[in-house]
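Coordinates in review
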Amino acid sequence: MGCAFARELSRYGVKVAVAEAKTDVCAAETRLGGVICAAHALTSPRPVAARYAVRGEKMFAAYSASLEASYSRTGCMYIFFSEDKARSFAAGCAAAGVVCRSLSPEEAEKMQPALASCTGARSVLFFPEACVVDACAFVYALRENAQANGADFFFGFKADDAGRDGDLITVSSSDGRRITARNVVNCSGNDGGLTARSLGDLLYLKHRTFNVAVADMSSHPSMPLFYDGAGVVVPCPGGKFTVGADETDGSRETPVAAGAPDSSAKLAASAGIMPLSSFPAAFTRAYASGGDIYIAEGSLPGVRHILGAGSDGLTIAPALAMSFARSFGLEPRKDFRPTRRAMLRVTDLSAAERNTLALRDPAYGRLVLARPAVTQGEVNDAVSRGAVDVQGLDRRLLPPGVSGGVAFAAALGRAAGSSGGFFTEDK
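Residues numbered from 1 in each chain as written. Predicted model: local features only at pLDDT ≥ 70, side-chain atom pairs only at ≥ 80, totals over all residues. Heavy atoms only, no water.

Description of the layout of surface pockets
For the record, the criterion: A 1.4 Å probe that fits but cannot get out identifies a cavity on a 1 Å grid over protein atoms alone, an open set with protein on both sides within 12 Å along at least five of seven lines counts as a pocket, and a residue lines either if it has an atom within 4 Å of a point. Grid points are joined across faces, edges and corners, and a volume is the space filled by probe spheres set on the points. Think of it this way: any DSSP run of H or I at least four residues long counts as a helix, any run of E at least two long counts as a strand, and we number them from the N terminus. Lys, Arg, Asp and Glu make up the charged group, whereas Ala, Val, Leu, Ile, Met, Phe, Trp, Tyr, Cys and Pro make up the nonpolar group; the residues left over, Gly among them, are polar.
When its volume is computed, the second largest pocket comes out at roughly 720 Å³. Taken together, 32 residues make up the lining of the second largest pocket; nearest its centre are R31, S70, D134, A137 and R396. If you list the elements that add at least two residues to the lining of the second largest pocket, you get strand 3 (71–72), strand 7 (131–133), helix 5 (135–148) and helix 11 (390–397). Class assignment for the residues of the lining of the second largest pocket results in 17 nonpolar, six polar and nine charged.

So this is what it looks like as structure tokens:
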């Protein structure tokens, strides 16, 4: 959410800064992938979240294209064990403007053979506009475009205190750094309640821990499958699947992954889904106490809290950020650059293209890893885009669950002496 706000606000003639407690954006994410699906926000009564989710889903294709952030418009299916519940949900989606189509279990199975094992299905809704995206890659694209348009990022900045002097608010970090601004937006997710208290507001969030299994599958669904009352199967980056999820009472500081086999067993029993070679994972999401997304003024004039998007945050963020930026009534910049170039990956090039690139920049001819192939040039580019450690390189250059380890550590040292800079046509 913070990166989306920074990107949209950088369209206008204002200075923008993002204060991030970690060493990088997405540093705390599990990287299990993300689903862009407005229907998901309609599964519970969250009218504000749903409104932005519907807008966000519709604008996602064009928004991602301008950032060269790849996604797959796979669509998704909701499988219901009650026809009445399916009809009610379809009516709610139609009223909200979400495109969906009702399918019989037989029609759905023809489209998605992985459903053959779900013998209890009574009705299926297909949502053709839903997408699957690498969430971290999308947020990295937002950050890069915001920075290219002048936004500043301060990492390791954990908000500790705030005060107002006239028109200005000063936010202090626990290590003594300070940022002074006219407006401050708290969109710090799971830590939003703590950040709110540092800004002088008593705001408490509920935290839900979801236990999942990351698994290979005997069948390979090409789209997210939401099983009513049983869980979900979602394709994730790297070719595996997120299978789950059980909601637990685990604390947000120490999410419990031990429940993942239980969620797998539930899916196996009710939907016939059999994950193979699975390992447990867990993620935590913050929700406002009232259930809907929390958008409110703070006690200090100029402070706003935007929290509780939960699992729908990726769908909501583009639309909410654009609406928020426009609310200030600022003059758009004529020199705003809406596009960002994706990282150049040698594995996407032909042998001739790789040779030409290596002649232009020898770093692209030096292998750091052989399988999957990663070159020093790609490491240098990733560092110029914000990677500061091995984990940052892993998330930008490798599939989930794979690490470059000591090879990436050595490549980071070599990258420290390079000139850096974003990849352009002439570099």
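Quick look at the packing of helix 1 (residues 2–9) against helix 5
The cut-off we apply is this: Between N-to-C directions, angles span 0 to 180 degrees; the directions come from axes that are lines fitted to C-alpha atoms, helices contributing only their stretch in contact. In this scheme the handedness of a crossing depends on how the near helix is turned from the far one: anticlockwise by less than a right angle means left-handed, clockwise means right-handed. Only heavy atoms enter the contact rule, under which two residues are in contact if any of them lie within 4.5 Å.
One can describe the packing of helix 1 onto helix 5 by two numbers: an axis separation of 8 Å at closest approach and a directional angle of 30°. Between helix 1 and helix 5 lies a crossing whose hand is left-handed. In this structure, helix 1 contributes C3, A4, A6 and R7 to the contact, and helix 5 contributes V139, L142, R143, N145 and A146. In the contact of helix 1 with helix 5, the residues fall into six nonpolar, one polar and two charged.

A closer look at the nonpolar core
Spelled out, the test is: Throughout this description, the term nonpolar core refers to a set of buried Ala, Val, Leu, Ile, Met, Phe, Trp, Tyr and Cys residues connected via side-chain atoms within 4.5 Å. Residue exposure (1.4 Å probe, protein chains only): buried if accessible area is under 20% of the type maximum, exposed if over 50%, otherwise partly exposed.
Within the largest apolar cluster, 64 residues are counted, with the highest numbers of intra-cluster contacts made by A39, Y78, F89, F127, F138, F153 and I316. What F127 contacts, discounting residues up to four positions off in sequence, is A39, G75, C76, Y78, F89, C93, V98, V99 and C100. Counting 20 residues, the second largest nonpolar core, distinct from the first, contains C118, A215, A230 and V243.

A look at the pattern of salt bridges
Our working rule: Each salt bridge in this description consists of a side-chain nitrogen of Lys or Arg and a carboxyl oxygen of Asp or Glu lying within 4 Å of one another.
Applying the stated criterion across every chain, the model contains 17 salt bridges. With its nearest N and O atoms 2.9 Å apart, the salt bridge here joins R46 to D312. You can see R46 sitting in the loop between strand 2 (34–36) and helix 2 (47–67) and its partner D312 sitting in the loop between strand 19 (303–307) and helix 8 (313–326), a full 266 residues away along the chain. Residues R46 and D312 agree in their burial class; the two are buried. For E144, the salt bridge goes to R340, with nearest N and O atoms at 2.9 Å.

Remarks on the sheet that holds strand 12 (residues 184–186)
Threshold: Pairs of strands are assigned from DSSP output, requiring at least two bridges between the strands.
Spatial strand order, 12-19-18: three strands in an open sheet with mixed pairing. Among the strands making up the open sheet, the edge pair consists of strand 12 and strand 18 (294–297). Geometrically, the sheet is characterised by an average inter-axis angle of 15° between neighbouring strands, direction not taken into account. Summarising the sheet, strand 12 and strand 19 pair through three bridges and their orientation is parallel. Bridge assignment links V185 to a residue of strand 19, and that residue is R304.

Here's the deal with the environment of V124
With respect to the helices, strands and loops of the structure, V124 is situated in strand 6 (residues 123–127). With 22 residues separating them in the primary sequence, V124 and S102 have C-alpha atoms 6.0 Å apart.

Some thoughts on the pairing of strand 15 (residues 231–235)
Side-chain positions along a regular strand alternate between the two faces of the sheet. Counting buried positions over the five residues of strand 15 gives five, a clear majority of the element. Neither face of strand 15 is exposed, since G231, V233 and P235 on one face and V232 and V234 on the opposite face are all buried. Note that strand 14 (residues 225–227) and strand 15 share three bridges and pair antiparallel. By the bridge assignment for strand 15, L225 is matched with V233.

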